[in-house]
Amino acid sequence: MTNSIGDITDAACILAIGTNTTEAHPIIGWRVRKAARHGTKLIIANPREIGLVRESTLWLRHRPGTDVALLMGMCRVIVEEGLFDKEFINERCENFDALKESLKNYDLDTVEKITGIPREKIAEAARIYATSRPAAIFYAMGITQHSHGTDNVFAVANLAMLTGNIGKPGAGVNPLRGQNNVQGACDMGALPNVYSGYQAIPDPAVKKKFETAWNCTLSDKPGMTVIDIFEAARKGKIKAIFCMGENPVLTEAQAKHAEEALEKLELLVVQDTFLTETARFAHYVLPGASFAEKDGTFTNTERRVQRVRKAIEPVGDSRPDWLIICQLAQKMGKKGFDFNDPSQIIEEIARLTPSYGGITYERLEKGGLQWPCPTTEHPGTSILHVATFTRGKGKFMPVEYRVSKELPDAEYPLILTTGRSLFQYHTGTMTRKVRGLNAFLGEEKVEINPQDAATLGITDGEAVRVVSRRGVVNAKAKVTDVSPVGVVYMTFHFAESPTNQLTNPALDPVSKIPEFKVCAVRVEKASTPAKKEKVAAKHR
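The rules behind these values
Residues numbered from 1 in each chain as written. Predicted model: local features only at pLDDT ≥ 70, side-chain atom pairs only at ≥ 80, totals over all residues. Heavy atoms only, no water. Phe/Tyr/Trp six-rings, centres within 6.5 Å; stacked < 30°, edge-to-face > 60°. Helix = DSSP H or I, 4+ residues; strand = E, 2+ residues; numbered from the N terminus. Buried < 20%, exposed > 50% of the residue type's maximum accessible area, 1.4 Å probe, protein only. Lys NZ or Arg CZ within 6 Å of the ring centre and 35° of its normal. Salt bridge = Lys/Arg side-chain N within 4 Å of Asp/Glu carboxyl O.

Trainee: Before we move on, could you go through the packing of aromatic side chains and cite the residues and values that matter?
Mentor: On inspection of all chains with the given rule, the structure shows 8 aromatic pairs. Consider the rings of Phe96 and Phe396, whose centres lie 5.6 Å apart with planes at 50 degrees: the pair is tilted. Placement of the pair is Phe96 in helix H5 (residues 96-102) and Phe396 in the loop between strand S13 (394-395) and strand S14 (414-419), with a sequence separation of 300 residues. Residues Phe96 and Phe396 agree in their burial class; the two are buried. Measuring from ring centre to ring centre gives 6.2 Å for Tyr198 and Trp371, while their planes differ by 40 degrees; the resulting arrangement is tilted. Here Trp371 lies in the loop between strand S12 (369-370) and S13 and Tyr198 lies in the loop between helix H10 (182-187) and helix H11 (204-214), a separation of 173 residues in the sequence. Over the ring of Trp371 we find Arg303, and its NZ or CZ is 5.8 Å from the ring centre.

This is how it looks when you write it as structure tokens:
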């Protein structure tokens, strides 16, 4: 996030696109709702009638996968009507002429045809966003989990820069991270192309710094993405995987492929708090301590590093993750893993990571700090890009609208999109153990529009099969207007209904994120004979 959660109430306008905020990020959703009730203009862009629609000034119900067309169409209105921030663009941005040229492809008649949104609504949204300042954009995986997710993010950035809504309170581009420490994991280099603090692996100076600190030789070649890892394992090119705090059997697109990869490994070690679906494939399972059983830090979605304090002793033989890693390294004869306390680890992080340079346990005892925080005298950074962008000038990116990789046809006439429920969390590894949460939502529901349900003769609560080119999943129908005609919606919380056996592994060419949000399916009554052999043939 360029801005802070506390900024939400300062926004004159909020555009929430590709985020079901009150379900997936309920605390932030509550703040957005509060802002809307106190006069902030709220634009919701979402195919589903999510909870925030009730608070919205305007709801843009676009077709799944058409975000680029919608956002660039809004940019075109802003440019044509002279609503852009000329001073900000001249002083702080580049490539504006190329952006303007690209907007010729996004006349509102074309955008309406692509998105399904009336042109008047698109123009209204553009005017509200451009004239209500400051304006903030919030998005989540409804933007990124597409075969053109990177283009979606470029389009979001174009819109924010075009209106000068960067580097100011109540403004910004604010991606909402999907889990409590995803931001922290990325910050620490849990990505294939960077060390901690996003220091590039191919950079010779960075490489030398880490080699000196760790007394070892490091590669200057970026590693594999998780998708590449599983594909390599399926082909026998990777023999062993150490899987920590991840449940790919439920989370990977076309999840059957992940199972096939795991079965071919010579060694699979799973380190987790519970025996997950993935752990059942493991040769060894190492029990990790939960958040309540260890000390450390989490870095949340607003870049805030916060202390985590042990409330109870680890259960059984479970141990903190850092301790397990250090003990394994020591068993392997490796040096540099003789930490006695997580505070010593954050001291090393600060030495090697400029953006964390001023973050210490002592300072965190007084409250969280937002990076970049380069020195111990620095107060932390609540808003990014106030005076300049990291790269110098912000670069406008012309983007071309590309359709999703798999669209409905006669055999698979519906679009499946996926997301989360308020009452379960991610793969349910933790929340499925909680009786009270299961009382609210204890099984998978396939949301289907009443019109589609009537056409298929499906009633609310009826057992159904959802079939894609990759698999078959059983669940119960939830007939609701929340999903538009032609679109069904499922979560991925339930091992009994593993939704990601259906999803499309088509990748964004840059981020290598699969297209979880759009794939073609059909829905059948569970009582009708299944076409198993046809699905199996396509899977092979």
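Once you've had a look at it, read on.
Trainee: I'd like to hear about the pattern of salt bridges, residue by residue, with values.
Mentor: Applying the stated rule across the entire model yields 34 salt bridges. Here Glu211 and Lys207 are joined by a salt bridge, their closest N and O atoms 2.8 Å apart. One end of the pair, Glu211, and the other, Lys207, are both in helix H11, 4 residues apart, so they sit about a helical turn from each other. Across the pair, exposure class does not vary: Glu211 and Lys207 are buried alike. Taking the shortest distance from any N to any O, the salt bridge between Lys525 and Glu462 comes out at 2.7 Å.

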